[in-house]
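The primary structure of each chain is shown beneath.
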2 protein chains.
Amino acid sequence: MTAEDTRERILDTAERLFAQHGIEATSLRAITAEAGVNLAAVHYYFGSKEALVRAVFGRRLGPVNQERMKLLDECEARAGSNPPSLKGIVEALIAPPLRLRGNPAQGGENFCMLMGQLFSESSKWRQVIFAEFGETMSRFPAALKRALPHLPEKELFWKLHFLIGAMAHTLRASGLLVHLSRGQCDPDDVEGTLRRLTAFLVAGLQAPVPPDPGEQS
Amino acid sequence: MTAEDTRERILDTAERLFAQHGIEATSLRAITAEAGVNLAAVHYYFGSKEALVRAVFGRRLGPVNQERMKLLDECEARAGSNPPSLKGIVEALIAPPLRLRGNPAQGGENFCMLMGQLFSESSKWRQVIFAEFGETMSRFPAALKRALPHLPEKELFWKLHFLIGAMAHTLRASGLLVHLSRGQCDPDDVEGTLRRLTAFLVAGLQAPVPPDPGEQS
DNA sequence: GTCTATAGGGGGATAGAC
DNA sequence: GTCTATCCCCCTATAGAC
């Protein structure tokens, strides 16, 4: 087993166990035992658990976010000087992490679930992970604003918040859906999931915001 | 300090710390230190950490789920023999946990956040908590089925899944929304949150499911 | 590069004095 | 009912042999 192998085995096993049990609940001992490497190897290659977490996310997050930017660019180019399509924006945000599920070579469903758990981790780990994101995420509120020019910015953030919740839950809790539907729904049908979730979210984004009954308008 | 006080202080403090840091990450030592009681008191009153978790949820979940059933009953009674309104069903599911936020006497925003974290806890704790739910949750798929009679059951479960994700994220991650919107959105406006989330979700539920382009129809 | 051994801290749980 | 003291476990991290 080469040194590269050891490093990769640690990353792959950590990714899987983090996804299955959460970061806090996964010990370095559990990772090294499953990977078949020595406990001290983690510290030799990464230095600390926090650095390992950064490495696990750093390895996959770049490609996912680059793909998001590429899809968003294409969507905006298609629109020209018109507002970009909501469907295109939503797909640019959702499709790249969701498609990891059908792609074992790039982390498969493990990193997909891990991304969905992002908002569930304790604030300490969330901060560590958000730092790996860069400024990618600021482009989506801007694009949504162009697609929904008449919607007040405040309402746009509410809608984006609901969207993020549905996306994260879909990435994270596929097992729950199978259980809930008694096997009728198949989360491994990635394009079917994307089609349904996009339609649901675009409708939500387009829905008029009901006025506050307590306010004069 | 009476015995009742000690018990309640442990429950209140555990509820708050579980909500802030997650169940796994909260130690009995942290709870007893903040509550100003002795570590051994937890074992005297509850017996174990798992029993304490059950007690924390058992105390509030009953009233929340009873309120859900009451709202659902009213919604179905209003409809008579017609299909119940989607808005009524969605509100029956979402309003009771969300309104805890404005009700400090019944656990305030702590238990509200705790309910939103339900799907984020490790499977061990999720099982412990789900056992406290009883059969309450099976009535909602049935009501949705009556409200959307032409939608295949499989599609209904997908939509319910997306709905649950948006609801849980809204209950859990209010801090993130404030940060994201730079203070423009106010999660303490409970009725405003309910109004926006309901409108978003009803639109998503009503959205036609796009056909699979690979299938003959 | 890989191992053993251990430091040093925290966790849940319990016994037994008061 | 409430406390102290303690058992025994697992954790991250590191030192040092090989």
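Everything here concerns the structure above.
Per chain, residue numbering runs from 1 following the sequence as it is written. Labels are handed out in written order, letters beginning with A for the chains and numbers beginning with 1 for the ligands. Only residues with pLDDT of at least 70 are given local features in this predicted model, and only at 80 or more are side-chain atom pairs given and counted; all residues enter the totals for whole chains, interfaces and linings. With hydrogens and water stripped out, all remaining heavy atoms of the structure feed into the side-chain values.

On to the protein's contact with DNA strand D, then. If even one non-hydrogen atom of a residue comes within 4 Å of a molecule or strand, that residue is called near it. Residues in contact with DNA strand D amount to 15 residues; listed here are only the nearest, A:S27, A:R29, A:K49, B:N38 and B:Y45. Of all atoms in DNA strand D that approach within 4 Å of the protein, 57% are sugar or phosphate atoms. Pairs of N or O atoms are called polar contacts if they sit within 3.5 Å, as long as, within protein, a hydrogen donor faces a hydrogen acceptor (for residues adjacent in sequence, only side-chain-to-side-chain pairs). Here A:L28 contributes a backbone N or O atom positioned 2.9 Å from a phosphate oxygen of DNA strand D. A:K49 has a polar backbone atom sitting 2.9 Å from a phosphate oxygen of DNA strand D. Under the DSSP-based scheme used, a helix requires at least four consecutive residues in state H or I and a strand at least two consecutive residues in state E, with every element numbered from the N terminus. Top contributing element to the surface near DNA strand D by residue count: helix 3 (residues 39-45) of chain B, with three residues. Here the nonpolar group is Ala, Val, Leu, Ile, Met, Phe, Trp, Tyr, Cys and Pro; Asp, Glu, Lys and Arg are the charged ones; every other residue, Gly included, is treated as polar. Of the residues that constitute the surface near DNA strand D, the class distribution is seven nonpolar, six polar and two charged.

Turning our attention to the interface of chain B and chain A. Throughout, a contact is declared for two residues whenever any of their heavy atoms are within 4.5 Å. Contact residues are listed per partner, giving 49 residues for chain B and 49 residues for chain A. Where chain B abuts chain A, roughly 4400 Å² becomes buried across the two surfaces, and 72% of that area is made up of carbon and sulfur atoms. Throughout, the accessible surface (probe 1.4 Å) given up by two parts as they are put together, summed over both, is called the buried area. Among the residues chain B hides against chain A, the three largest losses belong to B:W158, B:R196 and B:F200. Together they make up 18% of the total. Salt-bridge detection follows one rule: a side-chain nitrogen of Lys or Arg within 4 Å of a carboxyl oxygen of Asp or Glu. Put simply, chain B and chain A have four salt bridges between them. The salt bridge involving B:D212 is made with A:R195; its shortest N-O contact spans 3.9 Å. In this structure, the connection of chain B to chain A is made through 11 residue pairs in polar contact (both at pLDDT 80 or more). Elements that contribute at least two residues to the side of chain B that touches chain A include exactly helix 9 (153-172), helix 10 (174-180) and helix 11 (190-206) of chain B. If one sorts the elements of the side of chain B that touches chain A by residue count, helix 9 of chain B sits on top with 16 residues. Here the side of chain B that touches chain A is built from residues that sort into 28 nonpolar, 11 polar and 10 charged.

The next subject is the protein's contact with DNA strand C. Residues in close proximity to DNA strand C total 14 residues, the closest being A:N38, A:Y45, B:S27, B:L28 and B:R29. Each atom of DNA strand C within 4 Å of the protein belongs either to a base or to sugar and phosphate, the latter forming 60%. Between DNA strand C and B:L28 there is a distance of 2.9 Å, counted from a phosphate oxygen to a backbone nitrogen or oxygen. Separating a phosphate oxygen of DNA strand C from a backbone N or O atom of B:K49 is a distance of 3.0 Å. Of all the secondary structure elements, the ones that give two or more residues to the surface near DNA strand C are helix 1 (3-21) and helix 3 (39-45) of chain A together with helix 2 (28-35) and helix 3 of chain B. Sort the elements by how many residues they give to the surface near DNA strand C and helix 3 of chain A lands first, with three residues. In terms of residue class, the surface near DNA strand C is built from six nonpolar, six polar and two charged.

Least-squares superposition of the copies uses the C-alpha atoms of those residues scoring a pLDDT of at least 70 in each of them. When chain B is fitted to chain A, the residual RMSD is 0.1 Å, and the transformation amounts to a turn of 180 degrees plus an axial shift of 0.0 Å. The superposition operator between the copies reduces to a two-fold rotation axis. Both copies contact each other with a shared surface, as 100% of the interface residues of chain B are interface residues in chain A too.

In short, the description is geometric, and any link to function would need to be established separately.
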